[in-house]
Amino acid sequence: MRAAVLLFLPVVAFAGDPAKGKEIVLGRGDGNCLLCHAIPGADRTAGNLGPSLSGVGSRFSPGQLRSRLIDASRFNPKSAMPPYGRVEGLHAVAPQYRGKPLLTDQEIEDAVAFMLTLK
Amino acid sequence: MKRRTFIFVLAALLACTAQAQNRSGLEFASEEIRRLQASDAENPGMLWVDQGAKLFAQKCASCHVSMKGVAARYPAVENGRIVTLEGKIRHKEAFAYESDELLALTSYVAHQSRGMPIQAKISEKDVQKGNTAYYQRRGQMNLACAHCHEQNWGKHLGAETLSQGQPNGYPAYRLEWQKMGSLERRIRACMFGLHAELPAYGSDAMLELELFLAWRASGLPIETPAVRR
């Protein structure tokens, strides 16, 4: 529900901070995008389960990036990308993580703002 | 032109064969780890094997002599129940899961089958539940075993290479643990990473998954004591 509402919000509703987004995307916290994606500006070894995020800011709109972060399996049912903003319909989640998304709405906006700089 | 087509088809066929082939975690390990495992003098897992030999002499030798080939036939379905090697060893004395005693005895018994192919007598029907569990997305990460160990093995997760998640090295000495550990502990470590519920040691959910993994690994040689990162 929360995710569904978020999908239709205009990008200005939560202004994303690209500097904070950079930490989320390149850091080792709950974003940790480098585990699977090569990303310009990385200072450690990147994984290659997913595509490189180089130029991702030119290929996708803010809305497209946001909805893929919230739940990539919506676009590719076989996707190995975790849902960063969806909490419903998950199976056998450990008690301490139940009902909590990997990233908050604000963190997702920050990550989107950083990704838009990757032209 | 024709020759080029032939080479292309041959390459594609080879790629398909390689895709379908079972590969031990050893093939994805670093040079250093492979060297450690290859030398009994350096392999830290041999300490547990030696300890297991002593325990076996004390506790098991009155009934059992050679255990060669036994580990290759487990897990098995006995009287309608799934029995792992650990479970079988606990038939007389219920050593705690992950206790030094159980790890030592299991390592000692499995080591006697080192190099022998896993040939558990398991039917496709036996592994139905484990098969379902293997493809079930779970945890906050919403990933199934198959997402990493079937769809993406050989690719890199950060600096690590994803393996097929084969069970043939276990119990194995993991550098991360700095000790020997069971396949069940390793499975729980994956579940922990997914932020998923951890199946209890010896639980039905765990046993079903282990049975499926053995069925999937059929033919891979036992490596106990394997060394893993």
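Visitor: I'd like a rundown of the overall build of chain B, residues and numbers included.
Guide: Of regular secondary structure, chain B possesses 9 helices and 7 strands. On C-alpha atoms alone, chain B measures out to a radius of gyration of 19 Å, which is about the 17 Å that the 2.2 N^0.38 rule sets for 229 residues. Counting only contacts in chain B whose residues sit at least 6 apart along the sequence, the fraction spanning at least 24 positions is 73%.

Visitor: Account for the overall build of chain A, with residues named and values stated.
Guide: Scanning chain A for helices and strands turns up 5 helices and 0 strands. Listing every helix and strand of chain A by position from the N terminus yields α-α-α-α-α. Each of the 119 residues in chain A was classed as buried or not, and the buried ones make up 37%. Pairs at least 24 apart in sequence give 54% of the contacts found in chain A among residues at least 6 apart.

Visitor: Lay out unusual backbone geometry with the relevant residues and their values.
Guide: Backbone geometry follows two general trends: most residues other than glycine have a negative phi, and most peptide bonds adopt the trans configuration. Here the bond from Tyr-74 of chain B into Pro-75 of chain B is cis, since omega is 0°, no more than 30 degrees from zero. The phi torsion at Asn-32 of chain A lies on the positive side, around 50°, for a residue other than glycine. Note that Asn-32 of chain A resides in the loop between helix 2 (18-26) and helix 3 (56-59).

Visitor: If you had to explain the sheet that holds strand 6 (residues 179-181) of chain B to someone new, which residues and values would you point to?
Guide: Residue and element names in this part refer to chain B. An order of 6-5-7 is seen for the 3 strands of this open sheet, with the pairing classed as mixed. With one partner strand each, in any of the chains shown, strand 6 and strand 7 (226-228) form the two edges of the open sheet. This sheet shows a mean twist of 35° between the axes of neighbouring strands, independent of strand direction. Looking at chain direction, strand 5 (residues 172-174) and strand 6 are connected through 3 bridges and run antiparallel. Its bridge partner being in strand 6, Tyr-173 is matched across the sheet by Met-180.

Visitor: Describe in detail the packing of helix 2 of chain A against helix 5 (residues 105-115) of chain A, supporting the description with residues and values.
Guide: All names here are of chain A. Close contact between helix 2 and helix 5 brings their axes to 7 Å; oriented N to C, the two are set at 95°. The orientation of helix 2 relative to helix 5 falls into the category roughly perpendicular. Two secondary-structure elements touch here, helix 2 through Pro-18, Lys-20, Gly-21, Lys-22, Ile-24 and Val-25 and helix 5 through Glu-107, Asp-110, Ala-111, Val-112, Ala-113, Phe-114 and Met-115. Looking at the contact of helix 2 with helix 5, its residues break down into 8 nonpolar, 1 polar and 4 charged.

Visitor: Mind laying out the packing of helix 3 (residues 46-59) of chain B against helix 5 (residues 100-111) of chain B, listing which residues take part and the relevant values?
Guide: All names here are of chain B. Look at helix 3 against helix 5: their axes get within 7 Å of each other, and the N-to-C directions meet at 95°. In this view, helix 3 runs roughly perpendicular relative to helix 5, as classed from their interaxial angle. Touching Trp-48, Val-49, Gln-51, Gly-52, Ala-53, Leu-55 and Phe-56 of helix 3 are Glu-101, Leu-103, Ala-104, Leu-105, Ser-107, Tyr-108 and His-111, all from helix 5. Class assignment for the residues of the contact of helix 3 with helix 5 results in 9 nonpolar, 4 polar and 1 charged.

Visitor: Give me helix 5 of chain A: which residues, what numbers.
Guide: Residues and elements named next belong to chain A. Counting buried positions along helix 5 yields 9 of 11 residues, so the element is predominantly enclosed. When we look at burial in helix 5, the residues that qualify are Glu-107, Ile-108, Glu-109, Asp-110, Ala-111, Val-112, Ala-113, Phe-114 and Met-115. Here the buried face of helix 5 lies against helix 2, helix 3 and helix 4 (62-70).

What counts, and at which threshold
Numbers given to residues run from 1 along each chain, matching the order in which its sequence is written. Each chain takes a letter, starting from A, and each ligand takes a number, starting from 1, following the order in which they are written. In keeping with the predicted nature of the model, local features appear solely for residues at pLDDT of at least 70, side-chain atom pairs appear and are counted solely at 80 or more, and the whole-chain, interface and lining totals rest on all residues. Secondary structure elements are defined from DSSP: runs of H or I of at least 4 residues count as helices, runs of E of at least 2 residues count as strands, and each element is numbered from the N terminus. Note that the radius of gyration is over C-alpha atoms, with the globule rule given as 2.2 Å times the number of residues to the power 0.38. Once C-beta atoms are placed from the backbone, any two residues with those atoms within 7 Å are in contact. Exposure in this text rests on C-beta crowding, where 20 or more other C-beta atoms within 10 Å of a residue's own make it buried, 12 or fewer make it exposed, and counts in between make it partly exposed. The C-beta atoms are placed from the backbone. Pairing between two strands requires that DSSP report at least two bridges joining them. Working convention: axes come from line fits to C-alpha atoms, limited for helices to the stretch in contact. Angles between N-to-C directions cover 0 to 180 degrees. Note that the term roughly parallel is reserved for angles under 35 degrees, roughly antiparallel for angles over 145, roughly perpendicular for angles of 65 to 115, and oblique for everything else. Polarity classes work like this: nonpolar for Ala, Val, Leu, Ile, Met, Phe, Trp, Tyr, Cys and Pro, charged for Asp, Glu, Lys and Arg, and polar for all others, with Gly in that last group.

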